[in-house]
Structure formats: C-alpha cells, structure tokens
Amino acid sequence: MLDWNPLGFSSPRFHLAWRLALIFGGTALVGLVFGAKAALVVLSVSALIYASHMFFNTALLRAWLRAPDTHEIPDSLGIWSEIFSRLYRILRLNKQSATRIARELDRFQQAGAALPDGIALLNKAGEIEWCNPVTQAHFAIDLERDRGQPITYLVRQPDFAEHLNASNAEPLILHDWRGSGLTLSVQIVPYGDAQKLIVSRDITQIERADTVRRDFVANVSHELRTPLTVVSGFLETLEGMERSDSKMLGRSIQLMREQTARMQRLVEDLLTLSRLESGQALQEEHVDLPAIVRSLQREAEHMSKRQHRISARVDTPLWVRGSDTELHSALTNLVSNAVRYTPPEGEVRIAWEISDGEGVFSVEDSGPGIEAIHIPRLTERFYRVDKSRSREGGGTGLGLAIVKHVLQRHQARLDIQSEPGKGSRFAVHFPKQRLLAPPVPAHTRSMAPAAGS
Ligand code: ADP
C-alpha cells in the first residue's frame, strides 16, 4: 500500500513525499470520519510498519555488506529496491573493471614472459615483485617461493649489490656466472617511485663471437707480419748492397718471392673463407667425383715430386650434387695436407667408395699422425699442431676451416682418424641424398642401368 504510486514518478524524494502524504492524508481522513483516537491508532500503526520496513531492510543491507562478493544482492520494495539496485550496478561495474584490469595485467605478464631477456620488478626495498621465466633461469629464482625476497639475498654477488645501489646506466657484466660458463649482462633501470627494473641478457654467444673476431684479427696480423718483416728486411739489405753481388741479390729475390707467395695464399684463403661464410646460395651442379679423384692423384704426384707413393681407388661411379669449385678446393686441401705432412718415402692413398649408403671420399697417409686432443680443434681457423712445420710447408692454417665450411654447405661431415706415429685418415661422408648416378654416355643411353644401382 505504501508503494502504491498511481502517478508513476520515480524520484526517491517524490516516493518519500508521496508516502508521507498517504499516511497523513489517510490519518486525517480516519480522524474526520472516526474521531481523533482512531486517527492516532492509524498514525501509530503506520509509523510502526514504516519503521519495521526500514529496520528490516537495514538489516538486509548490513548482512549483504559483510560479504558482497559471495551473496546475492537483496531484493526489496520501494526506495530500498532502488538503493539495492544502484548498489548492484556499482558492484557490477567494479567487477567489470577488476576483470578488465586483471586481463590487462595477464597480457602484460604474458608479454613479459615471452621476452627473450630477463625482466624483474623490484619494489622500493629491493624486493622481487614479479619476474619473467628468463630471469628465473638466469638467477635460479622460483617466483612462487621468492616473491617478496630482497634480490640481493638471491643474487649473492658483491658487484651486483653495488651496481643495484648505484643504479648505474652501464650494464654489469657477470662472467662465467655461477660457474655455468654463461656471461650475463645486467642493467638496472630505475622507474616509478624508487622502484627498479632489472633487465638481464645472456651475452655468451656475443662474447664468444667477439673473442673469435679479436683472435682472428690478431692471427691475421701475426701471419702477415712475419713475411712482411722478411720482405722489408731484404729490401733494406738490397738498398745498401753493391750492385755486383748478384748471388746475394738472386737469393734475396727468391726469398721475397716465397714470402709474397705466402701472403698471397693467405689472402686467397681468407677470401675463400669469407665467401663461404657470406651465406651465398650453393651452386648445385653434377660433380664428377671419380674424375676429381683422378685429377687429385695427378696434383698430389706433382706436389710430391716423386717423393711419396701415391695411389687412388675409385670403387663407385656415383657423382655428387654440389659445387664443383668448392668440392675441388676442399678435397685438394685434404690431399695437399697429406702430401705436405708425410715425410719422403711415405704413402698417400686416395679413395672414393660407398659405405653404409654414404659416399666416402678419403685420404690416408703414413705421416706423423695427430694426438687425439688436437683432433676436435683442427678445423678452427689458424689452429695448427706444429706451427713451424705448417709454415715451412707453406700452410696458411685455414685449409681445414675451408673444408669444414664447404662440407657444411653440402650436408657432408669430416671424420678424422689419426694416431701419432701411425698416420692419419681424413674422410668426407656425403649423405645419400647428395649422391647421383653418373650421366649415361649418349651412345649407350638405350641400355643404361637404373640410377643409383
Ligand atoms: P695448414 O695450412 O697449417 O696445413 P690446415 O687447416 O690445413 O692448416 O690444417 C690444420 C693443422 O692440422 C695443420 O697445421 C696440421 O698440424 C694438422 N694436419 C692437417 N692435416 C694433417 C695430416 N695429414 N697429417 C698430420 N697433421 C695434419
């Protein structure tokens, strides 16, 4: 009855005025008809009903406010219905914005987790608030366990603590971090209200590449310095020499020629290596490996000047798919090493055969052999077992590095078997998919056997 609202106004003030008007109007009417006592009774009963309504709804509101998230908002009449529905709307808006913020936070954390670098957020006290999995891996942090811990408890390194407090713009480099062989670069970035962001990056590969580059430049300079010193020394001698001393002149010119040839070989090998490393696409030709073996035998005999016994064996007619120039240069390096390192009277055997489905080119020699510790490093640029022996033989120290690159480009591998005093065997294994049946000569084409047989 109190909610009877025939005019349909919805303002809370109008509701209240309307109800009071109803009560007082009704009471006045009863007073007029039944007298003052009856009016007083009606007024008291109305006041009691209204007060109970208020009290009941206040109790409902209090009960709901104790756990608004878990309880449904109460339902009521009149002005209370409006209060409750407004509260419900505010609550729903709050929930929506909380869900939106949680979603944004989740997206931010996912982006942080996908970063290739480590990111950690520290509060004012230097305690971990959040970090991504890369940071967890770098510093052996378990976010569940270590959230809220001061980072300096977890990263116990005096340099690190100092760097954290100094907020240095330069990154801190941690070499061989915790004996793992990793090199980390750690940058502290202050932000917000005295908070800090730690960005950590694994720079092991960059450092390694830098060391290789530095060593390479040092090696090239060293290799060029010796022949240049010899040539410039002879030029000085020639300047102060009597023109008549033709024997000395001839000897000096010969030595200068040898040294310049050495520099030329070095520069050529360097250029070959840089071409191979530049990642140019491989020229896919049909390479006649049996013919290369025969030509390598002739080259070896020419180099050996009849000082070695040289033999070649071709057990398969198969060809190889790849670059003729690159393969010729790589296989020549192996044969030339065998001849250069094998003393006179020694033996060099070249072979081309099929083994376990792979095409195997091998060069075996009866030379000095190589100790096992050197074998894994032989294909490094400028790595030599015996420096003076290599230089005397005209070696640049780059031959096997070139071989390695060429073979990589052909998905082939180099196998080195060697024992000091017993000689060496360098074998190149070409995978099955690189092997080709030799072309069928035109006049026998009609009766050609099947490819690969
Ligand atoms: P180099 O120009 O010095 O020969 P390589 O890269 O071709 O450079 O070879 C690297 C090193 O491997 C050589 O210096 C040598 O010590 C060793 N080596 C290569 N081939 C042989 C071999 N057939 N017998 C013994 N040692 C070898």
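These lines cover the structure that appears in this document, whether it is placed above or below. (Residues numbered from 1 in each chain as written. Predicted model: local features only at pLDDT ≥ 70, side-chain atom pairs only at ≥ 80, totals over all residues. Heavy atoms only, no water.)

The helix and strand tally for the protein stands at 13 helices and 13 strands. Expected size for 453 residues packed as a compact globule is a radius of gyration near 22 Å; at 45 Å, the protein overshoots this value by more than 25%. Summarising its shape, the C-alpha atoms of the protein cover approximately 155 × 75 × 40 Å along the three principal directions. Classification of the 453 residues of the protein by burial places 35% in the buried group. Partitioning the intrachain contacts of the protein with sequence separation of at least 6 by distance along the chain shows that 56% fall at a separation of at least 24. For the protein, the exposed area adds up to about 27,800 Å²; of that, 57% sits on carbon and sulfur atoms. Side chains of the protein give 53 positive and 52 negative charges; the mean places of these two sets differ by 5 Å. (Helix = DSSP H or I, 4+ residues; strand = E, 2+ residues; numbered from the N terminus. Rg over C-alpha atoms; globule rule 2.2 N^0.38 Å. Buried < 20%, exposed > 50% of the residue type's maximum accessible area, 1.4 Å probe, protein only. Contact = heavy atoms within 4.5 Å. Areas by Shrake-Rupley, 256 points an atom, 1.4 Å probe, with all protein chains shown as cover. Lys, Arg positive; Asp, Glu negative; His and termini not counted. Charge placed at Lys NZ, Arg CZ, Asp CG, Glu CD.)

Turning our eyes to something else, we now look at the packing of aromatic side chains. Under the counting rule described, the total for this entry stands at six aromatic pairs. Ring centres of phenylalanine 139 and phenylalanine 160 lie 6.0 Å apart, and the angle between their planes is 50°; on these two criteria the pair is classed as tilted. Taken together, the positions of phenylalanine 139 in helix 4 (residues 133-139) and phenylalanine 160 in helix 7 (residues 158-166) put the pair 21 residues apart, joining distant regions of the chain. Both residues of the pair, phenylalanine 139 and phenylalanine 160, belong to the buried class. On the numbers, 5.9 Å between centres and 80° between planes, the contact of phenylalanine 139 with tryptophan 177 is edge-to-face. (Phe/Tyr/Trp six-rings, centres within 6.5 Å; stacked < 30°, edge-to-face > 60°.)

This part is about helix 7. Every buried residue belonging to helix 7 is among Phe160, His163 and Leu164, and all of these are buried. Down the axis of helix 7, the buried set is contained in an arc of 100°. They therefore lie on one face. In helix 7, the exposed positions angled more than 90 degrees off the buried face are occupied by Pro158, Glu162, Asn165 and Ala166. (Arc of directions from axis to C-beta.)

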